[in-house]
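Secondary and tertiary structure notes
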Amino acid sequence: MTRYIALLRGINISGKNKISMPELKTALTENGFADIKTYLNSGNVIFSDDEMDVVKLAERLRIIISENFQLEIPVFVISQDELKGLLSKAPSWWGSDSKDIYDNLIFAIAPYSIETVAEKIGEPTIELEKVELCGNAAFWSFDRKRYAKANWWKKTAAPGIGEMITIRTANTLRKLVEM
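Summary of the structure given here. Small disclaimer: the values here were computed from a predicted structure and weren't measured.

To continue, consider the layout of surface pockets. The computed volume of the largest pocket comes to approximately 670 Å³. Surrounding the largest pocket, 24 residues form its lining, Arg-9, Gly-10, Ile-13, Ile-167 and Arg-168 being those nearest its centre. When contributions to the lining of the largest pocket are tallied by element, the ones reaching two or more residues are β5 (101–108), β7 (137–143) and β8 (165–169). Its residues assigned to classes, the lining of the largest pocket shows twelve nonpolar, nine polar and three charged. Taken together, 24 residues line the second largest pocket, and the ones lying closest to its centre are Phe-76, Val-77, Ala-108, Ile-109 and Ala-110. Secondary structure elements with two or more residues in the lining of the second largest pocket: α2 (54–69), β4 (75–79), α3 (80–88) and β5. Broken down by element, the residue count for the lining of the second largest pocket peaks at five residues, all from α2. Broken down by class, the residue content of the lining of the second largest pocket amounts to 16 nonpolar, three polar and five charged.

Structure, rendered in structure tokens:
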């Protein structure tokens, strides 16, 4: 069995799209997933499965969520090993301990590509944010104090873009690869 990480987009935010992590864990167990762990209340699920196609796994999870919680939630799935490999390719400016910088990784949800997302968003704002594409993800860092002026900050949740991606912090991702 392979260890996977599922990132559910837009759940448990400001009272919207509520999904109980214990109830989600039960639903996944009842549908054949193994060794399930959740991290935080924001839709981070670690599990084992025999399926090798991450797009098929994401669709299975989406259907289980729809049937059990009556919500249409986009799901991104990556193997734990692939995420470890991706994090090992992080640019030197990403993932520091600086309290002035906020480091995220943006994942494009199938069928979208990170290139399409980046093209729709446009160039990062010089001196406020940095972006580097890697695989089907983008390393993204921005100034915590001046984030509202950053181009990528303004556009990542915009209609036509927000539903194409899911975002996690560097610290969350480091924790997920250790679980």
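With that out of the way, let us pick up α2. Along its 16 residues, α2 runs 22 Å from first to last C-alpha, staying within 8% of the 22 Å computed at 1.5 Å per residue. On its buried side, α2 packs onto β1 (2–8), α1 (21–30), β3 (44–49) and β4. If you check the start of α2, you find a side-chain oxygen 2.9 Å away from the backbone N of Val-55, and it comes from Asp-53. Within two residues after α2, Gln-70 carries a phi angle of roughly 55°, on the positive side.

To continue, consider the environment of Ala-170. Positionally, Ala-170 belongs in helix α6 (residues 170–178). Residue classification places Ala-170 among the buried residues on the basis of a relative accessible area of 4%. Sequence separation between Ala-170 and Trp-94 is 76 residues, and the spatial gap between their C-alpha atoms is 8.1 Å. Not counting chain neighbours up to four residues away, the residues in contact with Ala-170 comprise Trp-94, Gly-95, Asp-103 and Asn-104.

All right, on to the sheet that holds β4 then. Pairing in this open sheet of four strands is antiparallel, and the strands run β2-β3-β1-β4 from one edge to the other. Both outer strands of the open sheet, β2 (34–39) and β4, are each paired with one neighbouring strand and no more. Neighbouring strand axes in the sheet, compared pairwise and without regard to direction, differ in orientation by 20° on average. Here β1 pairs with β3 via six bridges, running antiparallel.

Attention shifts here to the packing of α3 against α6. At a minimum axis separation of 9 Å, α3 and α6 run at an interaxial angle of 135°. As judged from the angle between their axes, α3 and α6 are oblique. In the crossing of α3 with α6, the sense of the turn from one axis to the other is left-handed. Judged by residue contacts, Gln-80, Leu-83, Lys-84 and Leu-87 of α3 engage Leu-173, Arg-174, Leu-176, Val-177 and Glu-178 from α6.

Rules used in this analysis
Residues numbered from 1 in each chain as written. Predicted model: local features only at pLDDT ≥ 70, side-chain atom pairs only at ≥ 80, totals over all residues. Heavy atoms only, no water. 1 Å grid on protein atoms, 1.4 Å probe; cavity = no way out; pocket = protein on both sides within 12 Å on 5 of 7 lines; lining within 4 Å. Points joined across faces, edges and corners; volume = space filled by probe spheres on them. Helix = DSSP H or I, 4+ residues; strand = E, 2+ residues; numbered from the N terminus. Nonpolar A, V, L, I, M, F, W, Y, C, P; charged D, E, K, R; others polar. Expected span 1.5 Å × (residues − 1). Contact = heavy atoms within 4.5 Å. Polar contact = N/O pair within 3.5 Å; in protein donor to acceptor, adjacent residues only side chain to side chain. Buried < 20%, exposed > 50% of the residue type's maximum accessible area, 1.4 Å probe, protein only. Pairing = 2+ DSSP bridges. Axes fitted to C-alpha atoms, helices over the stretch in contact; angles between N-to-C directions. Parallel < 35°, antiparallel > 145°, perpendicular 65-115°, else oblique. Left-handed = near helix turned anticlockwise from the far one by under 90°.

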